[in-house]
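These are the residues of each chain, in order.
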Amino acid sequence: MYSPVLVLNANFEPINVCNTRRAIGLILNGRAMLVLNGRGEIKTVSFAYPRPSIIRLGKMVKRPRPRVKLTKREIQRRDGYTCQYCGLHSPNLTIDHVVPRHLGGRHTWENMVTACPACNHRKGGRTIDQAQMQLLSTPSEPPTSARYIFARHLKDNADWLPFVDGW
Ligand SMILES: [Zn+2]
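Small disclaimer: the values here were computed from a predicted structure and weren't measured.

Analysis parameters
- Throughout, residues of each chain are indexed from 1 in the direction in which the sequence is written.
- Where totals are concerned, whole chains, interfaces and linings use all residues; where local detail is concerned, this predicted model gives features only for residues with pLDDT of at least 70, and gives and counts side-chain atom pairs only at 80 or more.
- As a rule here, side-chain values cover all heavy atoms of the structure and leave hydrogens and water aside.
- Put simply, a salt bridge is a Lys or Arg side-chain nitrogen that is within 4 Å of an Asp or Glu carboxyl oxygen.
- Only runs of H or I of at least four residues qualify as helices and only runs of E of at least two qualify as strands under DSSP, and these elements are numbered from the N terminus.
- The classification of residues rests on relative accessible area computed with a 1.4 Å probe and restricted to protein chains. Under 20% of the type maximum is buried, over 50% is exposed, and intermediate values are partly exposed.
- Residue contacts are defined here by distance: any two heavy atoms, one from each residue, within 4.5 Å place the two residues in contact.
- When DSSP finds two or more bridges between two strands, those strands count as paired.
- Directions drawn from the helix axis to the C-beta atoms are what define this arc.
- Here a polar contact means two N or O atoms within 3.5 Å. Within protein one must be a hydrogen donor candidate and the other an acceptor candidate, and residues neighboring in sequence count only if both atoms are side-chain atoms.

A look at the pattern of salt bridges
Going through the model one piece at a time under the given rule, you end up with five salt bridges. For arginine 67, the salt bridge goes to glutamate 141, with nearest N and O atoms at 2.9 Å. Pair noted here: arginine 67 is in the loop between strand 6 (54-57) and helix 2 (72-78) and glutamate 141 is in the loop between helix 4 (128-131) and helix 5 (146-149), with a separation of 74 residues, a long-range link. Residue class for arginine 67 comes out exposed when judged on its relative accessible area of 59%. Between glutamate 74 and arginine 77 there is a salt bridge; the shortest N-O distance is 2.9 Å. Residue glutamate 74 and its partner arginine 77 are both found in helix 2; the two are separated by three residues, about one turn of the helix.

As structure tokens, this is what we get:
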């Protein structure tokens with residue numbers, strides 16, 4: 001009942017992910033329709049119901065395109081779990097403020113990168129120039145494409161891909 005279901009707006013734009021229970025609720029009260037049933041059936045004593053994988057809202061919902069939240073996990077995902085100074089690939093990385101906070105560096109996508117503990121320590125409270133280090137890439141806000149935003153679901157829900165691509 002709690003597997004993820006992709007929710008499409010009336011114009012087919014993917015806008016959200018909800019669980020099976022909520023998706024069936026939306027269908028039963030007429031607010032959404034089944035787009036893709038890739039998961040067999042849900043059976044109760046009295047009826048069997050297709051288990052949705054994708055639903056589509058009947059009425060267009062106005063909502064700003066979702067943006068990726070600025071979190072440690074999302075910075076690591078943007079940077080491919082790779083230290084942006086030495087290229088070390090590891091699940092145990094820290095976040096470095098490119099311009100240190102005590103020098104006015106801000107808490108933004110552009111000023112935060114993934115760094116391994118050794119590089120973070122070596123850089124310390126200095127700027128890149130002061131520490132004579134180099135960034136492997138220029139940090140920026142990640143894409144707002146549906147493909148990027150829903151990426152963590154796509155591995156287990158490959159049937160969503162045609163509905164996510166291009167938005
Ligand atoms: Zn490093």
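Some thoughts on the environment of cysteine 116
Within the secondary structure layout, cysteine 116 lies in the loop between strand 8 (112-115) and helix 3 (117-123). As a C-alpha pair, cysteine 116 and leucine 93 span 23 residues in sequence and 4.8 Å in three-dimensional space. Once residues within four sequence positions are removed from consideration, cysteine 116 is found in contact with Cys83, Cys86, Leu88, Leu93 and Thr94.

Side note on the pairing of strand 2 (residues 14-19)
When strand 1 (residues 4-8) meets strand 2, the two strands line up antiparallel, connected through five bridges. The partner of leucine 8 across the bridge, within strand 2, is proline 14. Here strand 1 hands over to strand 2 after five residues, with phenylalanine 12 in that stretch at a positive phi of 75°.

With respect to helix 1 (residues 20-28)
Buried within helix 1 are the following residues: Thr20, Ala23, Ile24, Leu26 and Ile27. Along the long axis of helix 1, the arc covered by the buried residues comes to 155°, so they all point the same way. Tucked inside the fold, the buried residues of helix 1 contact strand 1, strand 2, strand 3 (32-36), strand 4 (41-43), strand 5 (48-50) and strand 6. Capping the start of helix 1 is the job of one residue whose side-chain oxygen sits 3.1 Å from the backbone nitrogen of arginine 21: asparagine 19. Directly after helix 1, the chain includes glycine 30, whose backbone phi takes a positive value near 80°.

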